[in-house]
There are 2 protein chains.
Amino acid sequence: MAKIFKFGPHLIPETQIFYKSPYCLGLVNLKPVVTGHVLVVTKRLAARFNDLTPEEATDMILSTQKISSVIEKHYKASSLTFTIQDGPEAGQTVPHVHMHIIPRRKDDYENNDDIYEDLDENKQRQHNIPMGADNEDRKPRSAADMAEEADRLRLLF
Amino acid sequence: MAKIFKFGPHLIPETQIFYKSPYCLGLVNLKPVVTGHVLVVTKRLAARFNDLTPEEATDMILSTQKISSVIEKHYKASSLTFTIQDGPEAGQTVPHVHMHIIPRRKDDYENNDDIYEDLDENKQRQHNIPMGADNEDRKPRSAADMAEEADRLRLLF
């Protein structure tokens, strides 16, 4: 029987999980801002970063190192953006601590930090992103697409 | 005799350091994007996040918890933005791993994620930020200003 993980109010099937550590999971993204944009989330539902126990926080950062190292190579990137939007005033839309790992390449965004706008579901502003669509227009990926990426990444750990 | 810490190519005097752990330092900012925007940096010069040893990465995240908890209360914020710009294609301008901790409040930025633009020294775009000036126009703070903030924060640890 497939296990289901809860990411805030969202149900995440095993097929979208590519990494597991004692306290964290690595998830592929329904609406990645670029290909290879993944999340590190705590297994336990904690809303804010400072709700994490030292064990959870430590596991999250060490998982972030392992995952980001694989992601940078696998997606042939040259830099990485890490961010935690911690609380609604920081753009957090899912009230469950999650670290964004985003592989970056030269000229992936016209303005380097426009990438952050795409992390905000409420963002309306238009700009050019690699997928040629702003956040509002990005279509959620299919379950098959997400499972394929997770299967591929799972082999790298 | 005052000790000097090297943050990438920059010399940081003790007066700008408000927090010390085994592997990291908490620094006040020359050009904060909002009041209370501080940095957690590794004592050792490491350019990329994945150059950090597990001990350094762990110390950085636990220091980030301690510092951000104090910053959020002290600056009466309700959320926090955490980000590491890891490599030039992610907007990193000082090649020395550093975590940005930014206290956030409702309506501090017209568009929530515009704050990231101000993290990029090369950003030219105009928008409204709380200080009423875009990044290019922000003047570096005085040494006295930075020392005063660091003195105030140091007492909270």
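Cut-offs and rules
Residues numbered from 1 in each chain as written. Chains lettered and ligands numbered in written order. Predicted model: local features only at pLDDT ≥ 70, side-chain atom pairs only at ≥ 80, totals over all residues. Heavy atoms only, no water. Least-squares fit on C-alpha atoms with pLDDT ≥ 70 in both. Contact = heavy atoms within 4.5 Å. Buried < 20%, exposed > 50% of the residue type's maximum accessible area, 1.4 Å probe, protein only. Helix = DSSP H or I, 4+ residues; strand = E, 2+ residues; numbered from the N terminus. Pairing = 2+ DSSP bridges. Axes fitted to C-alpha atoms, helices over the stretch in contact; angles between N-to-C directions. Salt bridge = Lys/Arg side-chain N within 4 Å of Asp/Glu carboxyl O. Patch = residues over 30% accessible without salt bridge, like charges linked within 9 Å, V, L, I, M, F, W, Y side chains within 5 Å. Areas by Shrake-Rupley, 256 points an atom, 1.4 Å probe, with all protein chains shown as cover.

Enquirer: I'd like a description of the relation of the copies chain A and chain B, backed by residues and values.
Expert: Rotating chain A by 180 degrees and translating it 0.0 Å along the rotation axis places it on chain B, where the RMSD comes to 0.0 Å. In symmetry terms, the pair is related by a two-fold rotation axis. Among all residues of chain A, the minimum C-alpha distance to the rotation axis is found for A:T83, at 2.1 Å. Here 100% of the interface residues in chain A have copies in chain B that are interface residues too; the copies meet face to matching face.

Enquirer: If you had to explain the pairing of strand β5 (residues 38-42) of chain A to someone new, which residues and values would you point to?
Expert: Residues and elements named next belong to chain A. Extensive coverage of β5 is indicated by the burial of 5 of its 5 residues. Residues V38, V40 and T42 line one face of β5 and the alternating positions L39 and V41 line the opposite face, and both faces are buried. In terms of strand pairing, strand β4 (residues 24-27) meets β5 through 4 bridges, oriented antiparallel. Bridge pairing links G26 to V40 in β5. Inspection of the sheet shows β5 paired to strand β7 (residues 98-104) by 4 bridges, in the antiparallel sense. Residue pairing for β7: V41 is matched across the bridge by H98.

Enquirer: Outline the sheet that holds β5(A), listing residues and values.
Expert: Read from one edge of the open sheet, 10 strands run β3(A)-β4(A)-β5(A)-β7(A)-β6(A)-β6(B)-β7(B)-β5(B)-β4(B)-β3(B), paired in antiparallel fashion. If you trace the sheet from one side to the other, it starts and ends with β3 (17-20) of chain A together with β3 (17-20) of chain B, each paired once. When the angles between neighbouring strand axes are averaged without regard to direction, this sheet yields 20 degrees. In terms of strand pairing, β3(A) meets β4(A) through 3 bridges, oriented antiparallel. Pairing of A:I17 across the sheet is with A:L27, part of β4(A). Here helix α2 (residues 143-154) of chain A sits on the sheet in contact with β3 and β5 of chain A, set at roughly 35 degrees to β3(A). Here helix α2 (residues 143-154) of chain B sits on the sheet in contact with β3 and β5 (38-42) of chain B, set at roughly 35 degrees to β3(B).

Enquirer: Before we move on, could you go through the pattern of salt bridges and cite the residues and values that matter?
Expert: Scanning the model with the defined rule gives 18 salt bridges over all chains in all. Linking A:R141 and A:D145 is a salt bridge whose minimum nitrogen-to-oxygen distance equals 3.5 Å. B:K20 is the partner of B:E14 in a salt bridge, and the nearest nitrogen-oxygen pair spans 3.0 Å. Taken together, the shared-partner salt bridges connect A:R48, A:D86 and B:E72 into one network.

Enquirer: Tell me what's going on with a nonpolar patch on the surface, and back it up with residues and numbers.
Expert: On the surface, A:L155, A:L156 and A:F157 cluster together into a nonpolar patch covering about 320 Å² of accessible area. Look at A:L155 and you get exposed, because its relative accessible area is 73%.

Enquirer: Lay out unusual backbone geometry with the relevant residues and their values.
Expert: For A:K76, which is not glycine, the phi torsion reads 50 degrees and is therefore positive. Checked against the element boundaries, A:K76 lands in the loop between α1 (54-74) and β6 (79-86). Even without glycine at this site, B:D107 takes up a positive phi of about 65 degrees. Relative to the helices and strands, B:D107 resides in the loop between β7 (98-104) and α2.

Taken by themselves, the reported measurements are silent on function.
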